[in-house]
Protein chains: 2
Amino acid sequence: MSILVVGSVAFDAIETPSGRRDRCVGGAATYFSLAASYFTPVRVIGVVGEDFGLEEENIFIRRSIDTRGIEHVPGKSFFWSGSYMKNLNEAQTLNTELNVFQSFSPKIPAEYEDSEYLFLANIDPVLQADVRHKMPKAKMVCGDTMNYWIKDHAVNLARVLPTLDALLINDGEVKMLAKENNLVVAARKVLAMGPKALVVKHGEYGATAFFGEHVFPGHPHATPFRAPALPLAEVVDPTGAGDSFAGGFFGYVASQPALTPPVFRRAMFYGSVMGSFAVERFGTERLQQLDPSEIEDRFALFRQLSHLE
Amino acid sequence: MSILVVGSVAFDAIETPSGRRDRCVGGAATYFSLAASYFTPVRVIGVVGEDFGLEEENIFIRRSIDTRGIEHVPGKSFFWSGSYMKNLNEAQTLNTELNVFQSFSPKIPAEYEDSEYLFLANIDPVLQADVRHKMPKAKMVCGDTMNYWIKDHAVNLARVLPTLDALLINDGEVKMLAKENNLVVAARKVLAMGPKALVVKHGEYGATAFFGEHVFPGHPHATPFRAPALPLAEVVDPTGAGDSFAGGFFGYVASQPALTPPVFRRAMFYGSVMGSFAVERFGTERLQQLDPSEIEDRFALFRQLSHLE
């Protein structure tokens, strides 16, 4: 079934120990939709400027992603510039120019209204709540956020959390949101804020899912689940790894008839799989041209990496 | 089959956010042998002072650990005092008194000479090499080390590494030993120093095993394997978690007829299982009185935590 993602579509300039790119299409919605597109039809809502032309849009079109929700407005697209020269695990932001993204007001094309799966990428929680409200038919909603919204927009964020089936954020963000250093206690506190499930991304150590009670019919208390990350000899560019994880995770869920514990578990693996591809090349280069057999082979490798038999 | 462990037997004073203990029996050989004792017979070589009496020795005796190799000499036992108040993931050493451990010269009782499994806990690599040399019948040898030996005793350590079937150290130590920040590249460099396999402990994120070529007959290139750690709502005392991992790991290996890839994988899980028990109480309190069914239940929980089916 179709996933609708709302989030940033941007130009990135990135430098890492492996090299640099001065201008590549990035943004959370871009990574998410490319990763999800290998599993299910994807629709995007975002905003771009006049610098975003057919060449850029083709990155989506070639993966059959529906771009009718990408609004073109006068001005320049969101631009982000970051460096991983000091620390490959954490981007140092060199420059952020919000440009047309500053006044982003998501508009939902009529053709998108029947989307049953909705991903609220990392944007202002006020906009997340607004989109969620306008999509009453969405039967499963996942979302992301970041330290900026957790710190300074906590009240607005608190309104979004209870509407989420799963919140996908990283280790540090969970601890910041819960004001608690122990991961398990922090996870419980975040679940008490409303999301039915919480997926904590640990970067090179994988990801852990925690579940509220009665998330799955017939499974009142689901055990946490930990998916590994792939040990890689070279991480070329970590940008978008988390969004690619979310795309693989939610894309797989949307491709399945129902969200059962085994589906959730496999979705965690597909999330890790897509994250592992994303970081192998700059920007979305690797995610643009994957072969389905590569995805299945890597899924099998993740199984080998973590399973006793 | 019997494991022989050589290492420290000590008194520890520990403070953590959960409380404090002013004097409990600790030391790498203690944690290791208690954890391993649930899987296979264990023999210990260490040295203690006059302050180490029957009460302390009974901690070993009750687990049927052979203590004939614990030498009693005049003076006080090794004493370590540490605090986890600032950081639960890393001990702050408040005081170290080597005492009788200063002049530790491992003596191998004749009854121990037939031990087929040898664990060289974290001691001076000169002593590790000496013990290894005196145990020509040992068919599998594993070892640990620490930043102190890596930094200032590299030449001596380099002589021990090629004699090891598996080196078990933590993330930071692997990177320090290899002078390399990427874990996979660092692991390759450490394997090139001689150990047949490398087990990297990641604390709350579990552990990863890397294999040299042809470690297992018929499996020229074994895939890395990652065992999760158990997400715990309270880590009471992290002391000895790594040694308990090693004890569970090697104890299980020694209990099996041959070291195959599936045995190595299950051993990684039993390592994580014993590490998870160790941190639930102060010192060795939890490891002293486990029920075998608790170990199997937790092993099953680790499987649930990490397996798709």
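Refer to the structure printed above.
## Quick word on the relation of the copies chain A and chain B
- For these two chains of identical sequence, chain A goes onto chain B by a turn of 180 degrees and a shift of 0.0 Å along the axis, with RMSD 0.0 Å. Taken together, the rotation and translation relating the two chain copies correspond to the operation of a two-fold axis.
- Here 100% of the interface residues in chain A have copies in chain B that are interface residues too; the copies meet face to matching face.

## Things to note about the interface of chain A and chain B
- Each side of the interface is counted separately: chain A has 34 residues, and chain B has 34 residues.
- In total, chain A and chain B occlude about 3,000 Å² of area from one another, counting both sides; carbon and sulfur atoms represent 53% of this.
- Of all residues in chain A, A:Tyr205, A:Arg226 and A:Leu308 bury the most surface against chain B, accounting for 28% of the area lost on that side.
- Remark: the boundary between chain A and chain B carries two salt bridges.
- Here chain A and chain B share 20 residue pairs in polar contact (both at pLDDT 80 or more) between them.
- At the level of secondary structure, the elements contributing two or more residues to the side of chain A that touches chain B comprise helix H6 (171-178), helix H7 (183-192), strand S12 (207-211), strand S13 (225-227), helix H9 (261-278) and helix H11 (292-306) of chain A.
- Residue contributions to the side of chain A that touches chain B peak at six residues, all from H11(A).
- Its residues placed into classes, the side of chain A that touches chain B shows 17 nonpolar, seven polar and 10 charged.

## Quick notes on the packing of aromatic side chains
- One pass over the structure, following the stated rule, counts 40 aromatic pairs over all chains.
- With a centroid separation of 5.8 Å and an interplanar angle of 55 degrees, the aromatic rings of A:Phe269 and A:Phe299 are classed as tilted. With A:Phe269 in helix H9 and A:Phe299 in helix H11, this residue pair connects regions lying 30 residues apart in the sequence.
- For A:Phe269, a relative accessible area of 0% gives the class buried.
- Centre to centre, the rings of B:Phe101 and B:Phe104 are 5.4 Å apart; their planes meet at 20 degrees, and the pair counts as stacked. One exposure class covers both B:Phe101 and B:Phe104, and it is buried.
- Linked through ring pairs, A:Phe39, A:Phe225, A:Tyr252, A:Phe269, A:Tyr270, A:Phe299 and A:Phe302 together constitute an aromatic cluster.
- The side chain of A:Arg63 reaches across the aromatic face of A:Tyr38, ending 3.6 Å from its centre.
- The side chain of B:Arg23 reaches across the aromatic face of B:Phe11, ending 3.8 Å from its centre.

## Some points on unusual backbone geometry
- A positive phi angle, close to 50 degrees, is found at A:Lys179, a residue other than glycine.
- If you trace the backbone, A:Lys179 turns up in the loop between H6 and H7.

## Here we look at the sheet that holds strand S7 (residues 92-97) of chain A
All names here are of chain A.
- Ordered by their spatial adjacency, four strands build an open sheet running S3-S2-S6-S7, and the pairing between neighbours is mixed. Of all the strands in the sheet, the pair left with one neighbour each is strand S3 (19-26) and S7. Averaged over all pairs of adjacent strands, the angle between their axes in this sheet comes to 15 degrees, without regard to strand direction.
- Of the strand pairs in this sheet, strand S2 (residues 10-16) and strand S6 (residues 78-83) are connected by six bridges, and their pairing is parallel. For Phe 11, the partnering residue across the bridge sits in S6 and is Phe 79.

## Observations regarding the pattern of salt bridges
Residue and element names in this part refer to chain A.
- For the structure on display, the rule yields 34 salt bridges over all chains.
- Across the pair Arg 20 and Asp 22 runs a salt bridge, and its minimum N-O distance is 3.0 Å.
- Asp 22 sits in the exposed class, given a relative accessible area of 54%.
- Its salt-bridge partner being Asp 171, residue Lys 175 comes within 3.3 Å of it at the nearest N-O pair. Of the two residues, Lys 175 and Asp 171 are both situated in helix H6; the distance of four residues between them amounts to about one turn of the helix.

Thresholds, definitions, all that
Every chain begins its residue count from 1, and numbering advances along the sequence as written. Written order determines the labels here, with chains lettered from A and ligands numbered from 1. Two thresholds apply to this predicted model, a pLDDT of at least 70 for residue-level local features and 80 or more for giving and counting side-chain atom pairs, whereas whole-chain, interface and lining totals are computed over all residues. Side-chain metrics in this entry use all non-hydrogen atoms of the structure; hydrogen atoms and water are not considered. Least squares is the method used to superpose the copies, on C-alpha atoms of residues holding a pLDDT of at least 70 in both. By definition in these notes, contact holds between two residues if any of their heavy atoms fall within 4.5 Å. Here the quantity called buried area is the accessible surface, traced with a 1.4 Å probe, that two parts lose on coming together, added over both. The term salt bridge refers to a pairing of a side-chain nitrogen on Lys or Arg with a carboxyl oxygen on Asp or Glu at a separation within 4 Å. Counted as a polar contact is a pair of N or O atoms within 3.5 Å, where, for protein atoms, one must be capable of donating a hydrogen and the other of accepting one, and residues adjacent in sequence contribute only when both atoms are in side chains. Per the convention used, a helix needs a DSSP run of H or I reaching at least four residues, while a strand needs a run of E reaching at least two, with both numbered from the N terminus. Three classes are used: nonpolar for Ala, Val, Leu, Ile, Met, Phe, Trp, Tyr, Cys and Pro, charged for Asp, Glu, Lys and Arg, and polar for all others, with Gly counted as polar. A pair of Phe, Tyr and Trp rings is counted when the ring centres sit within 6.5 Å of each other, with Trp represented by its six-membered ring. The angle between the planes then sorts it: under 30 degrees is stacked, over 60 is edge-to-face, the rest tilted. The buried label goes to any residue with under 20% of its type's maximum accessible area, the exposed label to any with over 50%, and the partly exposed label to all in between, with areas taken from a 1.4 Å probe on protein chains only. Sitting over a ring, as applied to charges here, requires NZ of Lys or CZ of Arg to be within 6 Å of the ring centre and within 35 degrees of the ring normal. In short, DSSP must find at least two bridges between two strands for them to pair. Whenever a helix is involved, its axis is fitted only over the stretch in contact; in every case the axis is a line through C-alpha atoms, and angles between N-to-C directions fall within 0 to 180 degrees.

None of the figures reported here should be taken as evidence of function without further support.
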